[in-house]
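What follows is the residue order along each chain.
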Amino acid sequence: MSHIAIDSILPASVYNRLVIDHEATERAEFLELRRKHLPALFKILASHGVADFVELHLLHRHFLLQEGEAVVHRTLEVPGSEEGASICVDIAKAVSCLESIKSSLVPLLWMASSNGSLIAYEYGLQRWAKSPERTMVNISSQTWDSFAQEFSTYVHSAGVADIVSLKDKSCISGGEYVVPSMRVLFRVPTEAVNLQLGSGMLESGWKLDAALEPDASLPECTDGHVTKTRQTSGGTVAHYHVTTEDGIDAFNPNEVPLLCTNAMWAAAKSENFWAVGRMVDAAA
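About the criteria used
Starting from 1, residues in each chain are numbered consecutively following that chain's sequence as written. Selection of residues for local features in this predicted model requires a pLDDT of at least 70, selection of side-chain atom pairs for listing and counting requires 80 or more, and totals for whole chains, interfaces and linings are taken over all residues. Side-chain figures throughout are based on the complete set of non-hydrogen atoms in the structure, without hydrogens or water. Any pair of cysteine sulfurs within 2.5 Å is marked as a disulfide. A 1.4 Å probe rolled over the protein chains alone gives each residue an accessible area, and that area as a share of the maximum for its type sets the label: buried under 20%, exposed over 50%, partly exposed in between. Scored between 0 and 100, pLDDT is the confidence that the predictor attaches to each residue. Helix numbers and strand numbers start at the N terminus; a helix is a DSSP run of H or I with at least 4 residues, a strand a run of E with at least 2. Contacts between residues were defined by any pair of non-hydrogen atoms, one from each residue, lying within 4.5 Å. Whether two strands pair depends on DSSP finding at least two bridges between them.

Regarding the state of the cysteines
One covalent bond between the sulfur atoms of two cysteine residues makes up a disulfide.
So, point 1. Under the criterion given, the structure shown has zero disulfides.
So, point 2. Cys260 carries a free sulfur, and the closest cysteine sulfur to it, the one in Cys88, is 9.5 Å from it.
So, point 3. What makes Cys260 buried here is its relative accessible area of 1%.

A look at the confidence of the model for the protein chain
Detailed conclusions should not be drawn from predicted coordinates in areas where pLDDT is low.
So, point 1. Taken residue by residue, the protein chain gives an average pLDDT of 80. The fraction at 70 or more is 77%.
So, point 2. Across the protein chain, the secondary-structure element scoring lowest on mean pLDDT is strand 12 (residues 280–281), at 40, and the one scoring highest is helix 1 (residues 12–15), at 96.
So, point 3. Contacts from residues 229–241, a stretch scored under 50 in pLDDT, to residues over four places away or in other chains number 25 contacts.
So, point 4. Taken together, the stretch residues 278–284 has pLDDT below 50 and engages in 22 contacts with residues farther than four places along the chain or on a different chain.

Details of the pairing of strand 8 (residues 184–189)
So, point 1. Judged by how many residues are buried, strand 8 sits mostly within the fold: six of six residues are covered.
So, point 2. Across the two faces of strand 8 the burial is the same, with Val184, Phe186 and Val188 and Leu185, Arg187 and Pro189 all buried.
So, point 3. Bridge count for strand 3 (residues 87–96) against strand 8 is four bridges, and the pairing is antiparallel. Of the residues in strand 8, the one forming a bridge with Lys93 is Val184.
So, point 4. As paired strands, strand 7 (residues 174–179) and strand 8 are joined by six bridges and run antiparallel to one another. Directly across from Gly174, in strand 8, lies its bridge partner Pro189.
So, point 5. What sits between the antiparallel neighbours strand 7 and strand 8 is a turn of four residues, in which Arg183 has the positive phi angle 50 degrees.

This is the structure in structure tokens:
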């Protein structure tokens, strides 16, 4: 069952051909993805009964992989202060991922193939993932295959297969912060992000409450690339959403709680945090 098990790890050569983040955003705007295609795609999700399990996502990458690597996600629970509740964040990292440990992974994001199937391109560690036991397992193989065929046919015929994907709805949604030097992405829940002056968020994921919006005309943004603005030499404003700083200086503590920043950095660098079977930190 391709939606709850890994048949094979996507080759790095295929992953590296995905459109990089900011270019995917620009292409989505050029093709008017939100207005012209999201409503129809939401209707496909709803008609096959999978809208409670997956949501639409902007197909993109943030960094390049070496052969034998994959982007793997883990959830980190950050204890709150005495007054606040704990916060769960998503950390995605390029890790060495031998074929022998594929049974330890579950699919979290899928892209459409030209043959009418859906291919996982980013993964989660099974023992920490919620979806196999609680949600995705409730979709039959027949339902998933029928949905995959219609979804794939639509995105390819509409010319948007290179920028539209699917994300497991149990994944954390929020603002994406990228650290290219470590090939790590931190996704901080929207409610924990307090965008500061000069920060913005470019849409990269959407969901729809079918009960409230049966015509699928007003999708809600769930994920976004957090961007910072800067003046270029020509006087125009450019956007970037990466950081090269470490530890306490990585993010503005007024934007992302300092407890989160420190915990995310420590987890991203911890080999034990990512160890499963023979999988090890690719940067170690």
